[in-house]
Each structure stands twice: as structure tokens, then as C-alpha cells.
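Chains, contacts and geometry: an overview
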Amino acid sequence: MLNHNIETVPRLYPQARPQADFNRSIELLKRSAELGARTKTGIMVGLGETEKEILDVFEILVSVNCKILTIGQYLQPGPEQLPIHEFIHPDQFAILKNKALELGFEHVESGPLVRSSYHADEQVKVLDGQK
């Protein structure tokens, strides 16, 4: 399995990931899937993205055959990093999970404390058809 976190929506890349490129990350996930890797990514919410932007990213990820998605609350690691724009209500995480599954992800972990390694052992079982 290849995990490469998208982290946020394209509009916020200059602030949140200034040394990264959204399209390059998508291309990495796409090529990895084409070569037979099982792909996984994660996104943080609470940086000021809109629901439409999040869903657009989900659609892009599904189009490049990304199978597993984690959605977690952005937490400011230190005073020099971006501040939290908003705390997302747990109900919204459930809504995002359901929408991601409807779009075609095979497995989604979604919640305020979810991180890319959250229940990774269970994610592998899903891809191996054991769950």
C-alpha cells in the first residue's frame, strides 16, 4: 500500500503546503495505482476549505483509483504554523465519510482525531478482502 497524503484542497496549498504541488500528488497516486499499488491518502479539514472543495478533491481521488481515505481535524502543531480556521463538528465528519463512500472509496476513516495511520491494520484487511 502506498500512502501519500493530499492534506488539503488545492486553493489552500500555497499556505498549507507551500513546497508541494496538488497535481503532482494526484499524479503520484494515479501512477502508483496504475502500477498495481493500493493507494491511500488523507485530508485535514478545518483550514478554511468549503464542502464543495472537499467533495471535488474526493472525486479527483476516486478518478485516480485511490481506495482508502482518512479525514481528520487540522490541529495547529505550533505557533509558526497555520491557525485553525474552525473545529469541525463530529456530525460533519460522518457526513463527509458517507459522501466519500458514495463516491467510490472502499474504506474511509473520518473523525476529529483521525490521522493517516488510524486503524491502518483494518484498512489493509479491507483491501485484501478480509473484511
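None of these values were measured; they are calculated from a predicted model. (Residues numbered from 1 in each chain as written. Predicted model: local features only at pLDDT ≥ 70, side-chain atom pairs only at ≥ 80, totals over all residues. Heavy atoms only, no water.)

**Description of a nonpolar patch on the surface**
A surface patch of nonpolar side chains, amounting to about 360 Å² of accessible area, comprises Leu75, Phe87 and Leu113. By the secondary structure assignment, Leu113 is in the loop between strand 4 (107-111) and helix 5 (120-127). Overall, the relative accessible area of 65% leaves Leu113 in the exposed class. (Patch = residues over 30% accessible without salt bridge, like charges linked within 9 Å, V, L, I, M, F, W, Y side chains within 5 Å. Areas by Shrake-Rupley, 256 points an atom, 1.4 Å probe, with all protein chains shown as cover. Salt bridge = Lys/Arg side-chain N within 4 Å of Asp/Glu carboxyl O. Helix = DSSP H or I, 4+ residues; strand = E, 2+ residues; numbered from the N terminus. Buried < 20%, exposed > 50% of the residue type's maximum accessible area, 1.4 Å probe, protein only.)

**Comments concerning the nonpolar core**
Membership of the largest hydrophobic core comes to 26 residues, with the highest contact counts inside it found for Ile6, Phe58, Leu61, Leu69, Ile71 and Phe105. Among the secondary structure elements, those contributing two or more residues to this core are helix 2 (22-34), strand 2 (39-45), helix 3 (51-63), strand 3 (68-73) and helix 4 (90-103). Examining the composition of this core, we find that five residues originate from one element, helix 3, more than from any other. What Phe58 contacts, discounting residues up to four positions off in sequence, is Ile43, Leu69, Ile71, Leu96, Ala100, Leu103 and Phe105. (Core = buried A, V, L, I, M, F, W, Y, C linked by side-chain atoms within 4.5 Å. Contact = heavy atoms within 4.5 Å.)

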